[in-house]
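Here is how the chains run, residue by residue.
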Amino acid sequence: MAFSIKTREEEIERLKNEKLDLLVIGGGITGAGVALQASAAKMKTGLIDMQDFGSGTSSRSTRLVHGGIRYLKTFDVQVVSDTVKERAVIQHIAPHMTQPDPMILPIYDEPGAAFTMFSVKVAMDLYDHLAGIEGDSPLTKYANYTMDKEETLKREPQLNSKNLLGAGVYLDYQNNDSRLVLENVKKAHELGCLAVSRLKCVEILHDDQKQANGVRVHDNLTGEDFEIHADVIINTSGPWSDLVRQSDKEVYKKPRLRPTKGVHLVVDQSRLTVPQPTYFGSGTDDGRMIFTIPREGKTYFGTTDTDFRGDYAHPTVEQGDVDYLLSIINKKYPSAHLTIDDVEASWAGVRPLIEVEVEGNEAADAATGASVSDSTSAPSAVSRGSSLTEAEDGLITLAGGKLTDYRIMANGAMEKILEKLHDKFSKNFTLQDSAEIKVAGGDFDSDNAEEELARIAKEGEEAGLSKADATEIANLFGSEAEQIYDYARTIKPADGLSLGETAALDYSLAEEMTLTPVDYLLRRTYHILFKSDTLNEVKTGVVNHMADYYGWDKVQREEYETELRNEIEESRLKDLKSKN
């Protein structure tokens, strides 16, 4: 089903003229999850985001569906149980986005160590039991095990050997965060959702009884302002949640979020060789855990956790972030000797953490209008839980949480939405089992995902794609890859692009609401983050092809080229490197 600039124009007309059952403000993973469940229940649903879908926090994570084994250290068994069970659900509904990738947990004899060799085995056994990795489960091949010091260093030679006792190895999952958002949005759209990016909510509207009944939005593409009306409005805008609440003049009171920033850095795998994801304590007093993760010939590591009061739409990597991560990595991998010049790409994201509210505690950043909550507690100590609230005027806000929890958060919100539609509008809907709603691209056997993706890739080769292109497209697009192969059978490669890349770009323009080169090179694919070696050639082909497709004039083309250049230079830390 088409999902493009053309459908955007059509759906804006419908948003202007049709009253919705539900309007979702914020198209990150939380809003996408709510929109999918609402659309599956046959609600007339709208989803808007002031940027590209998933361009905020939801495309700036560690790119794992993480089981949270560290919580077993403090006996938070229920937390881990809920997390690993939900992780299995996500793997089922999005099998191309969520794939097994066992984690190494090095154990050191040092102050503050999270685990000993004995306790890590106990924790991993419990972890496997909670995750159902036992008996005749297809996951049994990923059962945990321990390695002694010699085995650990043989597996991961660059690890610091001082005080190393060994390591535990247990199941975790890699994830493509931005595409997980998009695949939820695409499925919601397929089910009838009116999903429009680049629409900014500027004001919550009210009826005569002062109940929220719509929003005034600004179209960031055309400059037009218009109204959208709905029976129920839910705010799922992540770090912007307080700002959306602030636009509700009838009820806004004080902030609920304490945003923190997380940074990741990418280097070539030749500079830091990690055979599989590795997880260890920062070795500082901040309580952080650090990941080093191999991906597409690169290794990325993170994350930081610092209070953030800047522009939520544009968090940046600062010198202190780089110094912090490099100092930890060079201590844990002493032969690496990494410097800022080794960093090929980076990203920074803002976590919408829920802070305990304090009476009278409200502050606004003068530059951005961002409301923040003050606290003396360490950022790492702030809850990763979620919050579902309803204001006096009926505006619902769903905030906080983690990527792994998005479906459960949406479930809770849908129960409240269902009740509200029934009690106040005499409308009845039946929720579908969201654990069985496959996202776009997920229509294949999740129990045999590796074999199924290999089969899909083989179909790409038969359509004329190179093996590398076919494999990458299968892993990115899942069952939707077959549509890309149909494109490939009828086109020729664009200048600067392979046949596979041309077909994938054509599909993304027509079916994924890809409106800018940054949309494609950063979120639909990972060229900017993990393909610095070929980025310069590919970006020219992408810009040329998109300019032809959209008919950009010289001014428009230059604007998009400038946006792309700035994104790449920022990711590569050009300004910081120039000062070193």
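Residues numbered from 1 in each chain as written. Predicted model: local features only at pLDDT ≥ 70, side-chain atom pairs only at ≥ 80, totals over all residues. Heavy atoms only, no water.

A. Representation of the pattern of salt bridges within the structure. If you walk through the whole model with that rule in mind, you get 44 salt bridges. Linking Arg-524 and Asp-52 is a salt bridge whose minimum nitrogen-to-oxygen distance equals 2.8 Å. Residue Arg-524 is found in helix H14 (residues 517–524), and its partner Asp-52 is found in the loop between strand S2 (45–49) and strand S3 (64–65); the two are separated by 472 residues along the sequence. Here the two residues Arg-524 and Asp-52 agree in accessibility, since each one is buried. (Salt bridge = Lys/Arg side-chain N within 4 Å of Asp/Glu carboxyl O. Helix = DSSP H or I, 4+ residues; strand = E, 2+ residues; numbered from the N terminus. Buried < 20%, exposed > 50% of the residue type's maximum accessible area, 1.4 Å probe, protein only.)

B. Inspection of empty space enclosed by the protein at higher detail. Applying the stated rule across the entire model yields three cavities of 30 Å³ or more. Around the largest cavity sit Asp-469, Glu-472, Ile-473, Leu-476, Phe-477, Gly-500, Glu-501, Ala-504, Tyr-520, Thr-525, His-527 and Lys-531, which together line it. Elements represented by at least two residues in the lining of the largest cavity include exactly helix H11 (467–477) and helix H13 (499–511). Its residues assigned to classes, the lining of the largest cavity comprises five nonpolar, three polar and four charged. (1 Å grid on protein atoms, 1.4 Å probe; cavity = no way out; pocket = protein on both sides within 12 Å on 5 of 7 lines; lining within 4 Å. Points joined across faces, edges and corners; volume = space filled by probe spheres on them. Nonpolar A, V, L, I, M, F, W, Y, C, P; charged D, E, K, R; others polar.)

C. Quick look at helix H2 (residues 29–40). Compared with an ideal rise of 1.5 Å per residue, which puts twelve residues at 16 Å, H2 spans 16 Å between its outermost C-alpha atoms and is within 8% of the ideal. Within the span of H2, buried status applies to Ile-29, Thr-30, Gly-31, Ala-32, Gly-33, Val-34, Ala-35, Leu-36, Gln-37, Ala-38, Ser-39 and Ala-40. Following H2 by one or two positions, Lys-42 adopts a phi angle in the positive range, close to 70°. (Expected span 1.5 Å × (residues − 1).)

D. Quick peek at the environment of Lys-249. Its location among the elements puts Lys-249 in the loop between helix H7 (241–246) and strand S13 (257–268). Along the sequence, Lys-249 and Phe-425 sit 176 residues apart, while their C-alpha atoms lie 24 Å from each other.

E. Examining the layout of surface pockets more closely. Roughly 570 Å³ of internal volume is contained in the second largest pocket. Counting only elements with at least two residues in the lining of the second largest pocket, the list comes to helix H3 (77–93), strand S4 (98–100), helix H10 (449–462) and H11. At six residues, the largest contribution of residues to the lining of the second largest pocket is made by H10.

F. Structural detail: the packing of aromatic side chains. Tallying each qualifying case throughout the model produces 15 aromatic pairs. With 4.4 Å between their ring centres and 20° between their planes, Tyr-279 and Phe-291 make a pair best called stacked. Of this pair, Tyr-279 sits in strand S14 (residues 278–281) while Phe-291 is found in strand S15 (residues 289–295), placing the two residues twelve residues apart along the sequence. Taken together, the aromatic side chains of Tyr-300, Trp-347, Tyr-526 and Phe-530 make up a single cluster linked through ring pairs. (Phe/Tyr/Trp six-rings, centres within 6.5 Å; stacked < 30°, edge-to-face > 60°.)

G. Up close: the nonpolar core. With 113 residues, the main nonpolar core has Val-34, Ile-234 and Ile-417 as its most contacted residues. Dropping the residues within four chain positions of it, Val-34 is found in contact with Leu-22, Val-24, Ile-234, Thr-236, Leu-398, Ala-410, Ala-413, Met-414 and Ile-417. Judged by nonpolar contacts, the second largest core, of 25 residues, contains Leu-325, Tyr-333, Ala-336 and Leu-338. (Core = buried A, V, L, I, M, F, W, Y, C linked by side-chain atoms within 4.5 Å. Contact = heavy atoms within 4.5 Å.)

H. Quick peek at the sheet that holds S3. Judged by pairing direction, the sheet is antiparallel, and its three strands sit side by side in the order S3-S8-S4 without closing on themselves. Two strands bound the open sheet, and with one partner strand each, they are S3 and S4. Of the strand pairs in this sheet, S3 and strand S8 (residues 173–175) are connected by two bridges, and their pairing is antiparallel. Residue pairing in the sheet places Val-65 in a bridge with Tyr-173 of S8. (Pairing = 2+ DSSP bridges.)

I. Structural context of a negative patch on the surface. Taken together, the side chains of Asp-445, Asp-447, Glu-450 and Glu-451 define an acidic patch exposed on the protein surface. Mapping Asp-445 onto the fold places it in the loop between helix H9 (406–425) and H10. Given the relative accessible area of 34%, Asp-445 is considered partly exposed. (Patch = residues over 30% accessible without salt bridge, like charges linked within 9 Å, V, L, I, M, F, W, Y side chains within 5 Å. Areas by Shrake-Rupley, 256 points an atom, 1.4 Å probe, with all protein chains shown as cover. Lys, Arg positive; Asp, Glu negative; His and termini not counted. Charge placed at Lys NZ, Arg CZ, Asp CG, Glu CD.)

J. Spatial organisation of the packing of helix H12 (residues 481–488) against H13. Contact geometry for H12 and H13: axes closest at 8 Å, N-to-C directions at 115°. Our pair here, H12 against H13, has a crossing hand that is right-handed. Note on element contacts: H13 touches H12 through Leu-499, Ala-503, Ala-504, Asp-506, Tyr-507, Ala-510 and Glu-511, opposite Gln-483, Ile-484, Tyr-487 and Ala-488. (Axes fitted to C-alpha atoms, helices over the stretch in contact; angles between N-to-C directions. Left-handed = near helix turned anticlockwise from the far one by under 90°.)

K. Fine view of the side chain of Ser-59. Within the element layout of this structure, Ser-59 appears in the loop between S2 and S3. In this structure the side chain of Ser-59 is engaged in a polar contact, spanning 3.5 Å, whose partner is the backbone oxygen of Ser-55. Other than its neighbours up to four places away in sequence, Ser-59 contacts Gly-54, Asp-177, Ser-178 and Arg-523. (Polar contact = N/O pair within 3.5 Å; in protein donor to acceptor, adjacent residues only side chain to side chain.)

L. The arrangement of unusual backbone geometry in detail. In this structure, Thr-303 follows Gly-302 across a cis peptide bond, with omega equal to 25°. Counting through the fold element by element, Thr-303 comes out in the loop between strand S16 (298–302) and strand S17 (306–307). A positive phi angle is found at Arg-198, which is not glycine, with a value near 65°. As for its placement among the helices and strands, Arg-198 is situated in the loop between strand S9 (194–197) and strand S10 (199–206). The phi torsion at Leu-573 lies on the positive side, around 60°, for a residue other than glycine. One can find Leu-573 in the loop between helix H17 (554–571) and helix H18 (574–579).

M. Broad picture of the environment of Glu-569. Locating Glu-569 in the fold gives a position in helix H17. Along the backbone, Glu-569 and Ala-345 are 224 residues apart, and their C-alpha atoms lie at a distance of 8.9 Å.

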